[in-house]
Amino acid sequence: MNWSNTAWQTGSPIYTQITQMPFIRELISGTLAPEKFTFYIAQDSLYLAGFGRALSLIAARAQHSAHALEFMRFAEGALMVEQALHAGYVQKLNIQPGVPLSPTCQHYTHYLLSQAALAPLEVAMAAVLPCFWIYKAVGDYIYAKEQLSDNPYQDWINTYAGEEFGQIVARAIRVCDEVAETCTPAQHQAMTEAYVTASKLEWMFWDSAYKLEEWPV
Ligand SMILES: Cc1ncc(CN)c(N)n1
């Protein structure tokens, strides 16, 4: 079995819980409060800046030039394509610059950056994989469930359920599997742990937006 099959199976209870979150249910029905989506977009723009840097760090550390190139393209995708979607929303939702990182956004981006800089390369790659794979799965899930023709969140849904993002996700999974081929069982275990941790942080990210999370002090 490929490492990615094990990772998906291990992380699937978290994925299932994500699909049941109020944030996701309300995205499907189009009833999500605009202030919650605005909070999400503002934090996600900050997240994507950190995520793009983490991907660039992994590219710089990759052992094979084909993998380095893939991660450079992934970084470009996060910083250009996804940020372009957000830029449209930032304008539409009138999000002002200078929004501070929420506690969860800080936790998640710093987790990815520290893994990208300091963890063994295969663990760093596994840590960023949920950012691709869970979003694609959630995008497809929402797309399949929604019944509205005028969902206010349709652009967001189309981006993550789209074919183009699907191809990027397939390539990210493939690189992880190629790297995992030469890893020991202990290294596979460390990869899966990083994958599960990042999956939990995905759950927390949506939860924090729904709660409009603030610093307690
Ligand atoms: C928190 C989060 N995770 C993943 C993605 C998709 N790259 C995103 N935009 N935001």
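Residues numbered from 1 in each chain as written. Predicted model: local features only at pLDDT ≥ 70, side-chain atom pairs only at ≥ 80, totals over all residues. Heavy atoms only, no water.

What follows concerns helix H4 (residues 65-92). Taking 1.5 Å as the rise per residue, H4 with 28 residues should run 40 Å; its terminal C-alpha atoms sit 40 Å apart, in good agreement. Along H4, the largest kink reaches about 40° and is centred on Gln83. Just downstream of H4, Asn94 is the residue with a positive phi angle, here 55°. (Helix = DSSP H or I, 4+ residues; strand = E, 2+ residues; numbered from the N terminus. Expected span 1.5 Å × (residues − 1). Bend = angle between axes of the 7 residues up to and from the residue.)

When the charged atoms of two side chains with opposite charge come close together, those side chains can pair. Taken as a whole and assessed by the stated rule, the structure comprises four salt bridges. Its salt-bridge partner being Asp207, residue Lys211 comes within 2.7 Å of it at the nearest N-O pair. Judged by relative accessible area, which is 57%, Lys211 ranks as exposed. (Salt bridge = Lys/Arg side-chain N within 4 Å of Asp/Glu carboxyl O. Buried < 20%, exposed > 50% of the residue type's maximum accessible area, 1.4 Å probe, protein only.)

Moving on to the side chain of Lys136. Its location among the elements puts Lys136 in helix H6 (residues 121-145). Not counting the four nearest positions on each side in its chain, Lys136 is found in contact with Tyr160, Ala161, Gly162, Phe165, Gly166 and Val169. (Contact = heavy atoms within 4.5 Å.)

The topology assignment puts Ala59 in helix H3 (residues 34-61). For Ala59, a relative accessible area of 6% puts it in the buried group. Linking Ala59 and Met125, residues 66 residues apart in sequence, is a C-alpha distance of 9.6 Å. Once residues lying within four places of it in the same chain are set aside, the contact partners of Ala59 are Ala68, Phe71 and Met72.

Moving on: the packing of aromatic side chains. Going through the model one piece at a time under the given rule, you end up with 22 aromatic pairs. With centroids separated by 6.3 Å and ring planes inclined at 70°, the aromatic side chains of Trp133 and Tyr195 adopt a geometry described as edge-to-face. Taken together, the residues span a long stretch of sequence, with Trp133 in helix H6 and Tyr195 in helix H9 (residues 185-210) at a distance of 62 residues. Like Tyr195, Trp133 is buried. The side chain of Lys36 reaches across the aromatic face of Tyr210, ending 3.6 Å from its centre. (Phe/Tyr/Trp six-rings, centres within 6.5 Å; stacked < 30°, edge-to-face > 60°. Lys NZ or Arg CZ within 6 Å of the ring centre and 35° of its normal.)

Moving on: the site of the ligand. Inspection of the region around the ligand gives Asp44, Tyr47, Leu48, Phe51, Glu82, Tyr108, Cys131, Tyr135, Tyr160, Glu202 and Phe205 as its neighbouring residues. With respect to the ligand, the side chain of Tyr135 contributes an N or O atom lying 3.2 Å from a nitrogen atom. Protein burial of the ligand: of its 290 Å² of free accessible surface, 100% is covered by the chains. When residues of the shell around the ligand are traced back to their parent elements, those giving at least two are H3, H6 and H9. The element that contributes the greatest number of residues to the shell around the ligand is H3, accounting for four residues. (Near = heavy atom within 4 Å. Polar contact = N/O pair within 3.5 Å; in protein donor to acceptor, adjacent residues only side chain to side chain. Areas by Shrake-Rupley, 256 points an atom, 1.4 Å probe, with all protein chains shown as cover.)

This part is about the nonpolar core. With 74 residues, the main nonpolar core has Ile24, Phe37, Tyr40, Phe51, Leu112, Trp156 and Trp206 as its most contacted residues. Here the element with the most residues in this core is H6; it accounts for 16 residues. Every residue in contact with Leu112, bar those within four places of it in the chain, is listed here: Tyr47, Phe51, Ala54, Ala127, Val128 and Cys131. (Core = buried A, V, L, I, M, F, W, Y, C linked by side-chain atoms within 4.5 Å.)

Across all of its chains, the model carries zero disulfides by this definition. There is no disulfide at Cys183, and the cysteine sulfur nearest it, in Cys176, is 10.0 Å away. (Disulfide = S-S within 2.5 Å.)

Listed under "domain: Thiaminase-2/PQQC" (unreviewed entry) in the UniProt record, and renumbered for this structure, are residues 12-211. Between the end C-alpha atoms of residues 12-211 there is a gap of 24 Å, over a span that is 82% helix and 0% strand. (UniProt positions renumbered as here; feature names shortened; annotations may be inferred.)

Let's shift gears to the environment of Thr16. Mapped onto the elements of the fold, Thr16 is located in helix H1 (residues 3-19). Note: C-alpha distance between Thr16 and Leu112 (96 residues apart in sequence) is 22 Å.

Here we come to unusual backbone geometry. Unlike most non-glycine residues, Asn94 shows phi in positive territory, near 55°. When you line up the elements, Asn94 lands in the loop between H4 and helix H5 (103-118). With a relative accessible area of 55%, Asn94 lands in the exposed category. Notably, Leu212 is not glycine yet its phi reads approximately 50°, a positive angle. Relative to the elements of secondary structure, Leu212 occurs in the segment after H9.

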